[in-house]
Amino acid sequence: MNDLPPADEVKAEAKATTALERKDAVGLVTPARIPGQVLPPAGDTFLGRRITPLTRRRLDNFRTNRRGFWSLWIFLVLFVASLFAEFIANDRPLLIQYDGAFYFPVFRNYPETAFGGFLPSEADYRDPAVKQMIDEKGWIVWPVIPFGYRTITDAPGPYPAAPSRTDWLGTDDQGRDVLARLIYGFRISVLFGLALTFFSSIVGVAAGAVQGYFGGLVDLGFQRFIEIWEGLPVLYLLIILATIVEPNFWWLLGLMLLFSWTSLVGVVRAEFLRGRNFDYVRAARALGVSDPVIIFRHVLPNATVATLTFLPFILNGSITTLTSLDFLGFGLPPGSPSLGELLAQGKANLQAPWLGITAFVVLAIMLSLLIFVGEAVRDAFDPRKVVR
Amino acid sequence: MSLLEIRDLSVTFGGWRGAPPVEAVKRASFTLDRGETLALVGESGSGKSVTALSILQLLPYPSARHTPESSIRFAGEELVGGAPARLRSIRGNRIAMIFQEPMTSLNPLHTLEKQIGETLLIHKHMSGSAARARTLELLRLVGLRDAESRLGAYPHQLSGGQRQRVMIAMAIANEPDILIADEPTTALDVTIQAQILELMRDLKDRLGMALLLITHDLTIVRHMAERVCVMTQGEIVEQGRTADIFAQPQHPYTRRLLAAEPKGRVPPADPAAPVLIEGDNVKVWFPIRSGIFRRIKGYVKAVDGVSLKVRAGSTLGVVGESGSGKTTLGLALLRLLDAEGAIRFKGRDIAQERQRRLRPLRREMQVVFQDPYSSLSPRLSIAQIVGEGLRVHNLSASEAERRQLIEETLAEVGLDPAAAERYPHEFSGGQRQRIAIARALVLKPRFLVLDEPTSALDMSVQAQIVDLLRELQERYGLAYLFISHDLKVVRALSHEILVMKDGEIVESGSTERVMTAPEHPYTRALMAAAFDLAAVPAQ
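All values reported here derive from a predicted model rather than from experimental measurement. (Residues numbered from 1 in each chain as written. Chains lettered and ligands numbered in written order. Predicted model: local features only at pLDDT ≥ 70, side-chain atom pairs only at ≥ 80, totals over all residues. Heavy atoms only, no water.)

(A) Local environment of the sheet that holds strand β16 (residues 348-349) of chain B. Residue and element names in this part refer to chain B. Taken together, four strands build an open sheet; the order of strands is β13-β12-β15-β16 and the sheet is antiparallel. If you trace the sheet from one side to the other, it starts and ends with β13 (295-311) and β16, each paired once. Examined bridge by bridge, strand β15 (residues 340-345) and β16 share two bridges and lie antiparallel to one another. Across the sheet, residue R344 finds its bridge partner in β16, namely D349. Taken strand by strand, helix α11 (residues 326-333) contacts β12 (275-290), β13 and β15, and its axis lies near 70 degrees from that of β13. (Pairing = 2+ DSSP bridges. Helix = DSSP H or I, 4+ residues; strand = E, 2+ residues; numbered from the N terminus. Contact = heavy atoms within 4.5 Å. Axes fitted to C-alpha atoms, helices over the stretch in contact; angles between N-to-C directions.)

(B) Seen up close, the packing of aromatic side chains. All names here are of chain A. One pass over the structure, following the stated rule, counts 23 aromatic pairs over all chains. Ring geometry for F62 and F69: centres 6.4 Å apart, planes at 75 degrees, overall edge-to-face. The exposure class of F62 is buried, given its relative accessible area of 14%. Note on F69: relative accessible area 9%, which makes it buried. (Phe/Tyr/Trp six-rings, centres within 6.5 Å; stacked < 30°, edge-to-face > 60°. Buried < 20%, exposed > 50% of the residue type's maximum accessible area, 1.4 Å probe, protein only.)

(C) Structural detail: the packing of helix α15 (residues 429-441) of chain B against helix α16 (residues 459-476) of chain B. All names here are of chain B. Interaxial distance between α15 and α16 falls to 10 Å at its minimum, and their mutual angle equals 20 degrees. Viewed along their axes, α15 and α16 adopt a mutual orientation that is roughly parallel. The element α15 and its partner α16 pack so that their crossing is right-handed. Of α16, the residues touching α15 (which contributes G430, Q433, R434, I437 and L441) are V461, Q464, I465, L468, L469 and L472. Here the contact of α15 with α16 is composed, by residue class, of seven nonpolar, three polar and one charged. (Parallel < 35°, antiparallel > 145°, perpendicular 65-115°, else oblique. Left-handed = near helix turned anticlockwise from the far one by under 90°. Nonpolar A, V, L, I, M, F, W, Y, C, P; charged D, E, K, R; others polar.)

(D) Examining the packing of helix α8 (residues 234-244) of chain A against helix α9 (residues 249-260) of chain A more closely. All names here are of chain A. In contact at an axis separation of 11 Å, α8 and α9 are set at 155 degrees when each is read in the N-to-C sense. Between α8 and α9, the angle is such that the two are roughly antiparallel. At the point where α8 passes α9, the crossing takes the right-handed sense. The residues of α9 that touch α8, namely those facing V234, L237, L238 and L241, are L255, M256 and F259.

(E) Structural context of the nonpolar core. F272 of chain A together with V386, L410, I437 and L469 of chain B are the most contacted members of the largest nonpolar core, which has 70 residues in total. The contacts of V386 of chain B, once residues within four sequence positions are left out, are I406, L410, I435, A438, R439 and V442 of chain B. Ranked by size, the runner-up nonpolar core spans 36 residues in total, among them A96, V142, L151 and L213 of chain B. (Core = buried A, V, L, I, M, F, W, Y, C linked by side-chain atoms within 4.5 Å.)

(F) Just the sheet that holds strand β17 (residues 365-368) of chain B, in detail. Residue and element names in this part refer to chain B. Spatially, the six strands line up as an open sheet ordered β17-β18-β19-β14-β20-β21, and their pairing is mixed. Pairing within the sheet leaves two strands with one partner each, and these edge strands are β17 and β21 (504-510). Averaged over all neighbouring strand pairs, the angle between strand axes comes to 15 degrees, with direction disregarded. Of the strand pairs in this sheet, strand β20 (residues 496-501) and β21 are connected by six bridges, and their pairing is antiparallel.

(G) Expanded view of the pattern of salt bridges. Residue and element names in this part refer to chain B. Per the stated rule, a full pass over the model turns up 44 salt bridges over all chains. In this structure, the salt-bridge partner of R140 is E148, at a minimum N-O distance of 3.3 Å. The exposure class of R140 is exposed, given its relative accessible area of 51%. R344 serves as the salt-bridge partner of E278, at 3.5 Å between the closest nitrogen and oxygen. A residue pair is termed long-range when its members are at least 10 positions apart, and E278 in strand β12 and R344 in strand β15 qualify at 66 residues. (Salt bridge = Lys/Arg side-chain N within 4 Å of Asp/Glu carboxyl O.)

(H) Structural detail: α16 of chain B. Here α16 of chain B spans 26 Å end to end across 18 residues, near enough to the 26 Å set by a 1.5 Å rise per residue. Among the 18 residues that make up α16 of chain B, 13 are buried, leaving the element largely enclosed by the rest of the structure. (Expected span 1.5 Å × (residues − 1).)

(I) Representation of the environment of L109 of chain B in the model. Among the secondary structure elements, L109 of chain B is positioned in the loop between β7 (95-98) and α3 (112-124). Here L109 of chain B falls in the exposed class, since its relative accessible area comes to 67%.

(J) Structural context of the side chain of D304 of chain B. Residue and element names in this part refer to chain B. Within the fold, D304 resides in strand β13. At 4.5 Å, K301 is the nearest oppositely charged side chain to D304, a buried residue that forms no salt bridge. A distance of 3.1 Å separates polar atoms of two side chains, one belonging to D304 and the other to W285. Not counting the four nearest positions on each side in its chain, D304 is found in contact with V282, K283, W285, G503 and E504. (Lys, Arg positive; Asp, Glu negative; His and termini not counted. Polar contact = N/O pair within 3.5 Å; in protein donor to acceptor, adjacent residues only side chain to side chain.)

Shown next, in the form of structure tokens:
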């Protein structure tokens, strides 16, 4: 926490430059060549990379916003944990010791015969007979939650079953453990959101860059196209398209990408319109540098700030879109763990409040965390924000 | 007792969380009497503006702090740590201030009447027709023409000089005892500058104000101030009567400052050298479009029929005020802007050449821009910035060779080759300008357009850059097109001069001839304003 130097260092560094300027100004008047000239001390580093005082200031600003800083950590912990969902909630044991040998059902499939059964098909570790066979000659290590997102639990009906000692958050209307589905659902939501954000940033930045850099007719035409494109009723189109193809993760991503890329175009275009008139861009043109190189090397870095500021909010929007599609039943294929589907179940089963409440709380926490992070990022990049 | 007495004034910034505090002003002491003009002179970062702001207690407290022994007494009253209500009644009323940038110090959403009326309302409780009459009187006093019809004007409808006049009108509205002028003319053209200074001198005499003039320009000090304080690194190192200090500077810093004005002349150039670049009737017109069909209604004639010749190894200085088209001309010659007419580089007409075919020529014609802070990409290291041209033109066979070329060039412009791995923000203005020159020079060009390369720099750094440019010209036989509004620098660097006004050439000829015996009235006005600060009524 305290390994970073305080924010005031930025000011001090700025002053150091003036001090140096004075040296340049006063100390060395006549010679055009300055032998043994004193250079300012080398900059500091972050994650092993050298950074400018500006970046340092932004990092410090971000850190000073404690709500955003902690939100980022909580979100990262939750997300990383959900990436290892198979080790937390699974209907296969983590480790089996049977007859002196070790088995790893999480990673590999073993036939029932390996444990002395009769069926050559994969062992069903939740089957009491299989459990008993293994227990006789060894032991089993189960994950914390011994259910996958498709596992029908042992909870006595009728479904949805209320929370109990085995199903901590109860089961859904098909007898599947809500907590297990939640963990997988969280993962798929965030992954989907990240993927959509990533691809729509690439497309959006490219489109904005071309518009802003070349300007003129290209800009005019492109802008009109985007206005029309944004006017399309996205949800209806997605519903229609979802009836034509059987949507899976990648199909949905592609369909939503068609409409989500426009969100960044405006800011990036504005940055490029500003950036193409900078002196160093002119200097690059005077050097004979070609347009694509100018765009990537000289102007694009200016647009990254605007883009980064927007990313958490776009991520939030992507997750919400996926959830609402799932809620309507046009999202991920049936059976997939999904927060939207859980919400829909909660709505259909008002007598089982744990469904609706769970889905609501998880969504609210996830979206709030991301908004807090987004706020902190936005403030960190705000040049008028002063750290105290 | 003096009107304003400053004793042991210190200002410290920052100093939290273990970071060392920055002492912007260190124990400064001076006095200001009624009807006197005192100049605070120093280079950027010397603490002169901070001193001025602390008189009005306008610093960002509490991040700025004064030491307990700091004292600012105005007519016997202590201002340091004064009650906010008391300070407000002094600010703008008994002590008024004019800022450097007239573009941003007026509220763009208010008319002149409202802006000036505000000070009257606050301090004199004057409103309605009385305020209107007083506003008109003030505007006439500061010499704004057609004052009556300008009352409803917004700041964007005025020129820079007119805006500065309005600022002065606001400052003197309550007949203050002290007028603090913080670089009041730095953002203005020379002829306007002379007029504004003239006006300030006149008003000071008429209203019996004391004038505290903050500037970096020694010519202004010499013409305006009776006494002068020289500041450097937060300290007043010398103060006394202006004439004495200019005649016999005591402190080494003052001596260096006085010696730093660009001096000397260029060694004569070979008049028979081949013509490197030649413009014949060059025109850059920007169309003005209006209406639904964007029909062209007229043109802004930025450059209108300019012909010029630059010979190898010589410098052509282009002089003119802002808006005269000198930068546009430079960019047009490099084909960074489209232009009409003929532009011949080494005999080849490049005026209509396609950009792709120009690329090989870019190696031989380069440009250095005015502002060293915006002309270097902040995200690239010095090696990347200087090496970019080498990469584009495939001038180096290997990474090692490129590296060597970069380091040689950095040494050539007087920088430590170890600077290559650093980023622009780590360098001062003068060093950055050297980097910009290195970027152009590494390609071994024949022709360099220098667009006000010294304007953004402190005086002594200016002199160094001028020396460097002169040395490089001699060594490589470079041809320069030197664009500047600063006639002193132009005189120190150019063989020939071209005076531009409104996109046209007013006068041209050898530097000596134009400087000593200008023929055109505009040139004469320009010279008078620049060297003697004499205001000549604009035509």
